[in-house]
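# Tertiary structure, described
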Amino acid sequence: MPEVILSDYFYGDESEEFVFFKIPRQLITNPKFKHVSTDAKLLYGMLLDRMSLSARNGWYDDTGRVYIYYSLDEICGDMTCGRDKAMKLLAELDTKKGIGLIERIKQGQGKPTKIYVKRFTTRTIPPKPAPPPPEPFAPVSEVDFPDLQKSEKSTSRSRKIRP
């Protein structure tokens with residue numbers, strides 16, 4: 001039986017024979033994501049990888065956003081975990097219950113759930129211009145209403161109650 005060497009080195013272009021999941025460095029280093037579990041971060045990297053496949057397949061919605069299909073069973077198989085753990089990881093990443101890195105849209109009628117993978121970085125939104133300061137109030141000294149008609153009968157009550 002041939003001997004298997006586990007600690008051999010990579011030679012030449014052998015280092016490119018594997019496919020890797022990319023997990024963004026900010027998910028590890030940014031304090032904003034410190035409470036997100038490492039399993040959820042790994043799942044986010046897997047979702048990012050799926051997104052490139054969806055873009056090649058032309059899976060865009062009406063607004064041009066890329067969506068993916070990744071069933072709970074597929075996640076369980078890829079992450080080697082049970083359904084409860086997979087649902088917990090999705091909830092941890094979801095907009096409604098978690099950090100907001102994904103958004104799940106249920107389609108109903110037995111159709112798979114669409115998953116939108118969101119950006120982990122923030123875009124800077126330019127500040128709104130400050131409203132102009134209000135003009136100072138200046139009371140008008142004299143107002144002239146030349147075409148104001150006056151009635152001979154009183155139209156409003158006086159302060160005294162009439163019997």
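Now for a description of the structure that goes with this document. Given the structure is predicted, the values throughout are model-derived calculations rather than measurements.

## Points about the overall build of the protein chain
From N to C terminus, the protein chain includes four helices and three strands. Written out in order from the N terminus, the α and β elements of the protein chain read α-α-β-α-α-β-β. Going through the 163 residues of the protein chain one by one, you find that 21% of them count as buried.

## Considering the sheet that holds strand E1 (residues 68-69)
If you trace the three strands from one edge of the open sheet to the other, you get E1-E3-E2, paired in antiparallel fashion. Because the sheet does not close on itself, it has two edges, and the strands there are E1 and strand E2 (102-105). Two elements, E2 and strand E3 (residues 114-117), share four bridges in a ladder whose sense is antiparallel. Residue Arg104 lies in a different strand from E3, and its bridge partner there is Ile115.

## Quick word on the pattern of salt bridges
Counted according to the given criterion, the structure contains six salt bridges. Across the salt bridge formed by Asp61 and Arg65, the nearest N and O atoms sit 3.0 Å from each other. Take Arg65: its relative accessible area is 41%, and that puts it in the partly exposed class. The salt bridge involving Asp73 is made with Arg83; its shortest N-O contact spans 2.7 Å. Taken as a pair, Asp73 in helix H3 (residues 72-79) and Arg83 in helix H4 (residues 83-93) lie far apart in primary sequence, ten residues in all. Take Arg83: its relative accessible area is 46%, and that puts it in the partly exposed class.

## Digging into a nonpolar patch on the surface
A surface patch of nonpolar side chains, about 340 Å² in accessible area, is lined by Phe21, Ile23, Ile28 and Leu42. Of note, Phe21 is situated in the segment before helix H1 (25-29). A residue is classified by how much of its surface remains accessible, and Phe21, at 44% relative accessible area, is partly exposed.

## Side note on the packing of aromatic side chains
Applying the stated rule across the entire model yields five aromatic pairs. A centroid spacing of 5.1 Å and a plane angle of 65 degrees characterise the contact between Trp59 and Tyr69, whose relative ring orientation is edge-to-face. Linking Trp59 in the loop between helix H2 (38-57) and E1 with Tyr69 in strand E1, this pair joins segments that are ten residues apart in sequence. Note on Trp59: relative accessible area 30%, which makes it partly exposed. The lysine or arginine in question, Arg65, covers the ring of Tyr116, its NZ or CZ lying 4.3 Å from the ring centre.

## Topic: the pairing of E3
Here E3 shows no split at all, with Lys114 and Tyr116 on one side and Ile115 and Val117 on the other all buried. In terms of strand pairing, E1 meets E3 through two bridges, oriented antiparallel. Note on E3: the bridge partner recorded for Tyr69 is Lys114.

## Looking at H3
Taken together, the buried positions of H3 are Leu72, Ile75, Cys76 and Met79. One side of H3 holds all its buried residues, which, seen down the axis, span an arc of 100 degrees. Each element contacted by the buried residues of H3 is listed here: H2 and H4. Positioned one or two residues after H3, Thr80 has a phi angle of 45 degrees, which is positive.

Each value, and the rule that gives it
- Residues numbered from 1 in each chain as written.
- Predicted model: local features only at pLDDT ≥ 70, side-chain atom pairs only at ≥ 80, totals over all residues.
- Heavy atoms only, no water.
- Helix = DSSP H or I, 4+ residues; strand = E, 2+ residues; numbered from the N terminus.
- Buried < 20%, exposed > 50% of the residue type's maximum accessible area, 1.4 Å probe, protein only.
- Pairing = 2+ DSSP bridges.
- Salt bridge = Lys/Arg side-chain N within 4 Å of Asp/Glu carboxyl O.
- Patch = residues over 30% accessible without salt bridge, like charges linked within 9 Å, V, L, I, M, F, W, Y side chains within 5 Å.
- Areas by Shrake-Rupley, 256 points an atom, 1.4 Å probe, with all protein chains shown as cover.
- Phe/Tyr/Trp six-rings, centres within 6.5 Å; stacked < 30°, edge-to-face > 60°.
- Lys NZ or Arg CZ within 6 Å of the ring centre and 35° of its normal.
- Arc of directions from axis to C-beta.
- Contact = heavy atoms within 4.5 Å.

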